[in-house]
Amino acid sequence: MSILVNKNSKVIVQGITGSAGLFHATQCREYGTQVVGGVTPGKGGSEVDGFPVFDTVSKAVANTGANTSLIFVPAPFCLDSIIEAIDAGVELVICITEGVPTLDMIKVKKYMEGKDVRLIGPNCPGVMTPGEAKVGIMPGYIHTPGRIGIISRSGTLTYEAVWQLSNLGIGQSTSVGIGGDPIIGSTFIDILGLFEEDDDTDAVVMIGEIGGSAEEEAAEFIKDNMSKPVVAFIAGATAPKGKRMGHAGAIISGSSGSAKDKVAALEQAGVTVCPSPAEMGETLQARIS
Amino acid sequence: MNIHEYQAKELLSNYGVSVPMGKVAFDHEEAHQIASDLNTEKYVVKAQIHAGGRGKGGGVKIANVLEEVKQLAEEILGMNLVTHQTGPEGKLVGKVLVEEASQIEKEFYLGMVIDRATEKIVVMASPEGGVEIEEVAKHSPEKIIKEIVDPTVGLLPFQCREIAYFIGLQGKTVNQAVKLIMGLYDAFVDNDCSLAEINPLILTKDNQVTALDAKMNFDDNALFRHPDIQKLHDPTEEDPTELAAKEWGISYIKLDGNIGCLVNGAGLAMSTMDIVKHHGGEPANFLDVGGGATTEQVTQAFKMILSDSNVKAIFVNIFGGIMKCDTIAEGIIAASKEVGIEVPLIVRLEGTNVELGREMLSQSGLNIITGKDMREAAGKAVEAIK
């Protein structure tokens, strides 16, 4: 089963004629994902590397039956592109683009209220169900099909966790990068809920970082709703206060956002927290054995 | 991006927010001139740096007569102002705001932030002004009112009235507060702020609601649509290396340790600092070369790390996704040719084109210590400086 994406997902790429869009559309197809086309306004009717291109998302959906959209359009246009995808009835929208203004995301989230759609990102590596579908920019070869779910605010740190698990012979059901921005489409809680209900997931690795309180909220949720074991790592324990560590979301401001508070909240919720980023795989292995 | 108090007050006054009369001065003669144009009995001279706690650090002074303004401006300009937000090294003051001194009846707090939990703009206010809102939140949370803004309708006047009554305003001052809060909100959304803070908001002895201080931060991701705000950027407020890094698309933050770190991805970069510390070492920096770095960017990143004389070893930790390992290898080789890397270089490569990257490094003739994973490489990096 897995969550969000699988071998039946039909994916269109918004911004498919851009260099990043085309490169990753091709990579996803090579992995075995059904990439059924792309959207670039003004280039409808053409074809690029075997992908049919449409002017609008609604035309792409009508012609291909796509249910998933992968967005690579530049940040200033993401508000428009995300809502266009939702309006066209796409069930799952994955926005890879980095640098989307926060006030735009407030509008997107308001627009999504009450609609039956899921948004992942922005500023994320995407979603991967090993052996079935890669809908994002992660390197395919590091993944192994299996039964561990992964959720992460960080891109490369997700790869690190996946790689550690694969090297221990532990496969993954689905790996979800939720993105490092202050306001994102799906939170830890949303994805934890999906993994809890997924028959093919036995345990979850959750990778958080300093800033905000998403990890504390996730801890509350885990305490009350998760029967499956959860292992976590929080990046940025050694980060100084008041300095934004790359991600717009990763900053310790005032009294909130420190790694120490997050670790404490998670441990209280029964989560096993990894002592170092090199031990995510081993900690999970110990927890499920 | 942050701006100065004087810039924030200028911006806000365009939105109908009441602020004291005043202007920025770059030398004491100018300060005197500005003061002599003000119709007031007392004056205030305020250091303009991007940090709070200026008053306690001696950066805000009251002049009781016009002649005193020049002397106070001379004292403050050029001083190294140390506050709880500047760090022990302090900040050099290059400009002062000269204002009419206000007769304060009461001080309040007013702030706007983007609340991640509700995913909306939240307006906060408190009758406890002039102190840090985090302290109020800790000791007397009941003294803070929060109004959540629905993005469909924006901030509404009734919400501002709720705030005004909560902080204890009455009569005509309520309407003044409503106008001020609405103005602040319009400035916030028009300019893509991430934070706006009036602390303190004051009621003067002659019943005027005025912003005595103003702090505004802007969403870096939205600056592309605000060229006028970009112009307010003051490069002297930033660490020159961090600023240069930004121009190269590299995210660099200097720290106090001696192991330089070169990483791709913010999360992995933070984790690399964490694991260096876990093995008993001290990271010299946070450095994220970004997802799709080029050979030039990697070379530049090496130069930045090496510009820090504390660096005794460099730890390269790359997990290639979009970033290909051969690009990193090329950057390492180019950088060592260009700048010469005299300190031990510890490299851990994984991900896209990893075999090619490793081969390029091993054939380069460079003296590189390799680590098969993050743990081994971090251990070797810490070992290398002993």
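These numbers were taken from a predicted model, which means no experiment stands behind them. (Residues numbered from 1 in each chain as written. Chains lettered and ligands numbered in written order. Predicted model: local features only at pLDDT ≥ 70, side-chain atom pairs only at ≥ 80, totals over all residues. Heavy atoms only, no water.)

**A word on the packing of helix α9 (residues 266–278) of chain B against helix α13 (residues 374–384) of chain B**
Residue and element names in this part refer to chain B. How we decide: All axes here are fitted lines through C-alpha atoms, helices being fitted over the stretch that makes contact, and every angle between N-to-C directions spans 0 to 180 degrees. Helix numbers and strand numbers start at the N terminus; a helix is a DSSP run of H or I with at least 4 residues, a strand a run of E with at least 2. Working rule for angles: under 35 degrees goes down as roughly parallel, over 145 as roughly antiparallel, 65 to 115 as roughly perpendicular, anything else as oblique. Definitions for this section: a left-handed crossing has its near helix turned counterclockwise from the far helix by less than a right angle. A right-handed crossing has that turn clockwise. Note on contacts: a residue pair qualifies if any of its non-hydrogen atoms lie within 4.5 Å across the two residues. In the scheme used here, Gly and all other residues not listed as nonpolar or charged are polar, with Ala, Val, Leu, Ile, Met, Phe, Trp, Tyr, Cys and Pro taken as nonpolar and Asp, Glu, Lys and Arg as charged.
The contact between α9 and α13 brings their axes to 9 Å, and the two run at 55°. By the angle between their axes, α9 is oblique relative to α13. Where α9 crosses over α13, the two elements pack in a sense that is right-handed. Note on element contacts: α13 touches α9 through M374, R375, A378 and V382, opposite L268, S271, T272, I275 and V276. Considered class by class, the residues forming the contact of α9 with α13 number 6 nonpolar, 2 polar and 1 charged.

**Comments concerning the pattern of salt bridges**
Let me state the cut-off plainly: Only one rule defines a salt bridge in this text: a Lys or Arg side-chain nitrogen within 4 Å of an Asp or Glu carboxyl oxygen. Type-normalised accessible area, obtained with a 1.4 Å probe on protein chains alone, sets the label of each residue: buried when under 20%, exposed when over 50%, and partly exposed for intermediate values.
Applying the stated criterion to the full structure yields 34 salt bridges over all chains. A salt bridge links K262 of chain A to E215 of chain A, with the nearest nitrogen and oxygen atoms 2.7 Å apart. Of this pair, K262 of chain A sits in helix α8 (residues 259–268) while E215 of chain A is found in helix α7 (residues 214–225), placing the two residues 47 residues apart along the sequence. Per residue, the accessibility class of K262 of chain A equals that of E215 of chain A, and both read buried. The salt bridge involving E99 of chain B is made with K9 of chain B; its shortest N-O contact spans 2.6 Å. Of the two residues, E99 of chain B sits in strand β6 (residues 96–100) while K9 of chain B sits in helix α1 (residues 5–13), which places them 90 residues apart along the sequence. Grouping residues by exposure puts E99 of chain B and K9 of chain B together as buried. If you follow the salt bridges from partner to partner, you end up with E5, K9, K46, R54, E99 and D213 of chain B in one network.

**Describing the packing of α7 of chain A against α8 of chain A**
The relative placement of two packed helices is expressed as an angle between their axes plus a distance between the axes. Residue and element names in this part refer to chain A. The geometry of α7 relative to α8 is characterised by a closest axis approach of 8 Å and an angle of 5° between their N-to-C directions. Classified by the angle between their axes, α7 and α8 sit roughly parallel to one another. Together, A214, E215, E216, A219 and I222 of α7 and D261, K262, A265 and L266 of α8 make up the contact between the two elements. Taken together, the residues that form the contact of α7 with α8 break down as 5 nonpolar, no polar and 4 charged.

**Points about the sheet that holds strand β7 (residues 118–120) of chain A**
Strands in a sheet are paired, the pairing made by backbone hydrogen bonds, and the direction either parallel or antiparallel. All names here are of chain A. The test is simple: Here, any two strands with at least 2 DSSP bridges between them count as paired.
What the 7 strands build is an open sheet, ordered β3-β4-β2-β1-β5-β6-β7; its pairing is mixed. Each of the sheet's edge strands pairs with one partner strand only, and the pair in question is β3 (47–48) and β7. Inspection of the sheet shows strand β1 (residues 10–14) paired to strand β2 (residues 34–39) by 5 bridges, in the parallel sense. From the neighbouring strand, V13 faces β2, where its bridge partner is G38. Docked against the sheet, helix α3 (residues 78–87) engages β1, β5 (68–71), β6 (92–95) and β7, running at close to 165° with respect to β6.

**What to know about the packing of aromatic side chains**
Residue and element names in this part refer to chain A. The line we're drawing: Between 30 and 60 degrees the pair is tilted, below 30 it is stacked and above 60 it is edge-to-face, where a pair is any two Phe, Tyr or Trp rings, Trp via its six-membered ring, whose centres lie within 6.5 Å. Two conditions define a charge sitting above a ring: the NZ of Lys or the CZ of Arg must be within 6 Å of the ring centre, and it must be within 35 degrees of the ring normal.
Scanning the entire structure with this criterion turns up 2 aromatic pairs over all chains. For the pair Y141 and W163, a centre-to-centre distance of 5.8 Å together with 70° between the ring planes defines the contact as edge-to-face. Of the two residues, Y141 is situated in the loop between β9 (133–136) and β10 (145–152) and W163 in helix α5 (residues 155–167); the sequence distance between them amounts to 22 residues. The exposure class of W163 is buried, given its relative accessible area of 17%. The ring centre of F51 lies 3.9 Å from the NZ or CZ of R29, which sits over that ring. The ring of Y111 has K115 sitting right over it, with the charged end atom 4.0 Å from the ring centre.

**Focus: the confidence of the model for chain B**
Going by this rule: pLDDT: the predictor's confidence for each residue, scored from 0 to 100.
The predicted model of chain B averages 92 in pLDDT, with 100% of residues at 70 or higher. What the predictor reports for the complex is a pTM of 0.93 with an ipTM of 0.90.

**Some points on α13 of chain B**
Residue and element names in this part refer to chain B. Let me state the cut-off plainly: Of all possible arcs, the one meant is that of the directions from the helix axis to the C-beta atoms. For this analysis, a polar contact is any N or O atom pair within 3.5 Å, provided that within protein one partner can donate a hydrogen and the other can accept it, and provided that sequence-adjacent residues contribute only side-chain to side-chain pairs.
Among the residues of α13, those classed as buried are M374, A377, A378, A381 and V382. Around the axis of α13, the buried residues are gathered within 135° of arc, so they sit on the same side. N-capping of α13 is provided by D373, with a side-chain oxygen placed 3.3 Å from the backbone N of R375.

**Let's talk about the nonpolar core**
Inclusion rule: By nonpolar core is meant a set of buried Ala, Val, Leu, Ile, Met, Phe, Trp, Tyr and Cys residues that side-chain atoms within 4.5 Å join together.
Counting 94 residues, the largest nonpolar core has L70, I94, L192, M206 and L266 of chain A together with F315 of chain B as its most contacted members. For this core, the leading source of residues is α9 of chain B, giving 7 residues. Not counting residues up to four positions away in its chain, the partners in contact with I94 of chain A are V5, T68, S69, L70, I71, I120, C124, G126, V127 and V135 of chain A. If you look at the next biggest cluster of nonpolar residues, it comprises 70 residues, including I12 of chain A together with L110, L203 and A211 of chain B.

**Quick look at the interface of chain B and chain A**
Frequently, the measure chosen for interface size is the accessible area removed from exposure when the parts meet. Cut-off, in case you're wondering: Buried area: the accessible surface (1.4 Å probe) lost by two parts on joining, summed over both.
On the side of chain A, 57 residues touch chain B, which itself brings 48 residues to the contact. For the pair chain B and chain A, the summed buried surface comes to about 4100 Å²; carbon and sulfur atoms form 62% of the total. At the boundary of chain B and chain A, one finds 6 salt bridges. Between E119 of chain B and K109 of chain A there is a salt bridge, with its nearest N and O atoms 2.8 Å apart. Between chain B and chain A we count 13 residue pairs in polar contact (both at pLDDT 80 or more) in total. Counting only elements with at least two residues in the side of chain B that touches chain A, the list comes to β8 (120–126), α6 (172–190), β13 (251–254), α9, β16 (313–320), β17 (345–351) and α13 of chain B. The element that contributes the greatest number of residues to the side of chain B that touches chain A is α9 of chain B, accounting for 10 residues. Tallied by class, residues from the side of chain B that touches chain A come to 20 nonpolar, 12 polar and 16 charged.

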